[in-house]
Amino acid sequence: MNQLLKKLAVSTSLAVGVAAIATNPAHASTLTGITIGGSAPNDYVVYDVNGNNTVVVPSNLANLQKVLGGDATNPTGNVELAASSELASFNFQNNTSISGKFGNKTLTLSSLTAFDWFGAGLNTTYGADTFATKWFNDFLTKAGGANLVGTATANNAFNLFLGLKGFQRTSDPNISYVYKDDPTGDIKIGLAGHFDLQAYYSRPNSGFAPFARLLPRGFQASEVVKYSLDNQSGFLYSFFATPSGLTTNIGSDTLSHSGNYEVIIKDPKTGTGTDTKVPEPAMILGLLSVAGVFVVKGKSKKVSA
């Protein structure tokens, strides 16, 4: 059974491909003319690198341009969009974005709003035709729970995640690099995250501790970033990380930014423009025991993140 699961191929089912991490090619174009925008343009934090740690530096365009210049083998910091998403005062209807150019094409990368997840009507029902339902089903599938998709167990798990403000907390991407692979035309984007999301959720006083118990050790999942490029648009995310070689050193948090998730916007001229399935190690939730926990937790009162 384990051998079969290890061979499981998973797709993010987006108009983008999630690829294995590769070295930044010699022939690559950097994002130029970077600007900050969105309905909350000042809600961002820039992290530079000091040794093996990411450290907060002044939030300005010069530092922003600098930290986006690395690649998967050498992240040079990151910028967190919608940085106040963990605060009680956060307005989930606002977004923060960065824009820049590759030649005459403008790329915009943005945090997500509640409308991105739940649609114009803010339908938070599991099973609704929303990005939230689609992403959560991808999450379950990646965790080895494809057979739970569409079931009452998945519904309870979805509601638990919603009550923990999990969608809100997944909407503030930390973008670590952006470049175009000139030979293919593909745009590669690094998302700094947790190499072990389960360990991060298990921290003392974490509101996500109840959900952490449902995840296997070493579970990996990136935050989500929204993109637009000419006539292309969509959401980018991944469930596969490589070690970044970096961690934060802020208070008790020594786990953030430890994983690098690379996502790709395929060039429609050279790519297929369809989903790309990439073999990745599958994670197992321990379905028989976890299913019961999901049901119980889904019926309990919601926990504040």
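Only a predicted model underlies this, so the values are computations on that prediction, with no experimental measurement involved.

Right, let's get into the sheet that holds strand S12 (residues 232–236). Spatially, the five strands line up as an open sheet ordered S3-S7-S8-S11-S12, and their pairing is antiparallel. Strands with a single pairing partner mark the edges of an open sheet, and in this sheet they are strand S3 (32–37) and S12. Strand-to-strand twist of the sheet, defined as the mean angle between neighbouring strand axes without regard to direction, takes the value 20°. Inspection of the sheet shows strand S8 (residues 105–110) paired to strand S11 (residues 225–229) by four bridges, in the antiparallel sense.

With 38 residues, the main nonpolar core has Trp-117, Phe-118, Trp-135, Phe-136, Phe-167, Tyr-201 and Phe-211 as its most contacted residues. Looking at this core, the elements with two or more residues in it are helix H3 (114–118), helix H4 (131–142), helix H5 (152–163), helix H7 (197–201) and helix H8 (209–212). In this view, Phe-118 contacts Phe-92, Asn-123, Thr-124, Thr-130, Ala-132, Phe-158, Leu-162 and Phe-167; residues no more than four positions away in its chain are not counted. Ranked by size, the runner-up nonpolar core spans 27 residues in total, among them Leu-31, Val-46, Leu-64 and Leu-229.

As a further point, take the layout of surface pockets. Considering only enclosed or pocket space, the largest pocket measures out at about 680 Å³ in volume. In this structure, the largest pocket is lined by 31 residues; those nearest its centre are Glu-86, Arg-169, His-194, Tyr-200 and Ser-256. Here the lining of the largest pocket gets three residues from one element, more than from any other, and that element is H7. Split by residue class, the lining of the largest pocket holds 15 nonpolar, nine polar and seven charged.

This model, assessed by the stated rule, comprises five salt bridges. Of the charged contacts, one joins Lys-226 and Asp-116 as a salt bridge, the two residues approaching to 2.9 Å between their closest N and O atoms. Note that Lys-226 is positioned in strand S11 and Asp-116 in helix H3, a separation of 110 residues in sequence. Taking the relative accessible area as the measure of exposure, Lys-226 reaches 31% and is therefore partly exposed. Between Lys-266 and Asp-186 there is a salt bridge whose closest N-O contact spans 3.0 Å.

The N-to-C vectors of H4 and H5 enclose an angle of 110°; their axes lie 11 Å apart at closest approach. Here H5 runs roughly perpendicular to H4, going by the angle between their axes. The two elements H4 and H5 cross, and the hand of that crossing is right-handed. For the pair H4 and H5, the contacting residues are Ala-132, Thr-133, Trp-135, Phe-136 and Leu-140 in the first and Ala-154, Ala-157, Phe-158 and Phe-161 in the second. Of the residues that constitute the contact of H4 with H5, the class distribution is eight nonpolar, one polar and no charged.

The element strand S7 (residues 97–102) is extensively covered by neighbouring structure, given that five of its six residues are classed as buried. The pairing of S3 with S7 spans four bridges and is classified as antiparallel. Paired with Ile-36 across the strands is Ile-98, a residue of S7. Where S7 lies against S8, six bridges are found, and the strand directions are antiparallel. In the strand pairing of S8, Ser-97 is matched with Ser-110. Connecting the antiparallel pair S7 and S8 is a turn made up of two residues, with Gly-103 showing a positive phi of about 65°.

This brings us to H5. It helps to recall that an α-helix has 3.6 residues per turn; residues three or four apart then point in one direction. Over its twelve residues, H5 runs 17 Å from end to end, which matches the ideal 16 Å to within 8%, given 1.5 Å per residue. Within H5, burial applies to Thr-153, Ala-154, Asn-156, Ala-157, Phe-158, Leu-160, Phe-161, Leu-162 and Gly-163. Trailing H5 by a residue or two, Lys-165 shows a phi angle of about 60°, which is positive.

The rules we used
One numbering rule holds for all chains: residues counted from 1, following each sequence as written. Local features are withheld for residues below a pLDDT of 70 in this predicted model, meaning they are given only at 70 or higher, and side-chain atom pairs are given and counted only at 80 or more; totals for whole chains, interfaces and linings count all residues. Side-chain measures here rest on the full set of heavy atoms in the structure, leaving out hydrogens and waters. A pair of strands is considered paired only if DSSP assigns at least 2 bridges between the two. Put simply, DSSP marks the helices as runs of H or I at least four residues long and the strands as runs of E at least two long, and each gets a number from the N terminus on. Axis lines are fitted through C-alpha atoms, for helices just across the contact stretch, and the angle between N-to-C directions can take any value from 0 to 180 degrees. As used in this record, nonpolar core signifies buried Ala, Val, Leu, Ile, Met, Phe, Trp, Tyr and Cys residues forming a set joined through side-chain atoms within 4.5 Å. Exposure categories follow from relative accessible area, calculated using a 1.4 Å probe and restricted to protein chains: below 20% of the type maximum is buried, above 50% is exposed, and the middle band is partly exposed. Every residue pair with non-hydrogen atoms within 4.5 Å of one another is taken to be in contact. Within this scheme a cavity is a closed region of a 1 Å grid, computed over the protein atoms alone, that accommodates a 1.4 Å probe without allowing it to escape, whereas a pocket is open but has protein on both sides within 12 Å along at least five of seven lines; lining residues each have an atom within 4 Å of a point. Grid points are joined across faces, edges and corners, and a volume is the space filled by probe spheres set on the points. Residues were grouped as follows: Ala, Val, Leu, Ile, Met, Phe, Trp, Tyr, Cys and Pro as nonpolar; Asp, Glu, Lys and Arg as charged; and all remaining residues, including Gly, as polar. Criterion for a salt bridge: a side-chain nitrogen of Lys or Arg within 4 Å of a carboxyl oxygen of Asp or Glu. With respect to orientation, any angle under 35 degrees is reported as roughly parallel, any angle over 145 as roughly antiparallel, any angle of 65 to 115 as roughly perpendicular, and every other angle as oblique. By convention the crossing between two helices is left-handed if the near helix lies anticlockwise of the far one by an angle smaller than a right angle, and right-handed if it lies clockwise. Expected helix span is taken as 1.5 Å per residue step, with the number of steps being one fewer than the number of residues.

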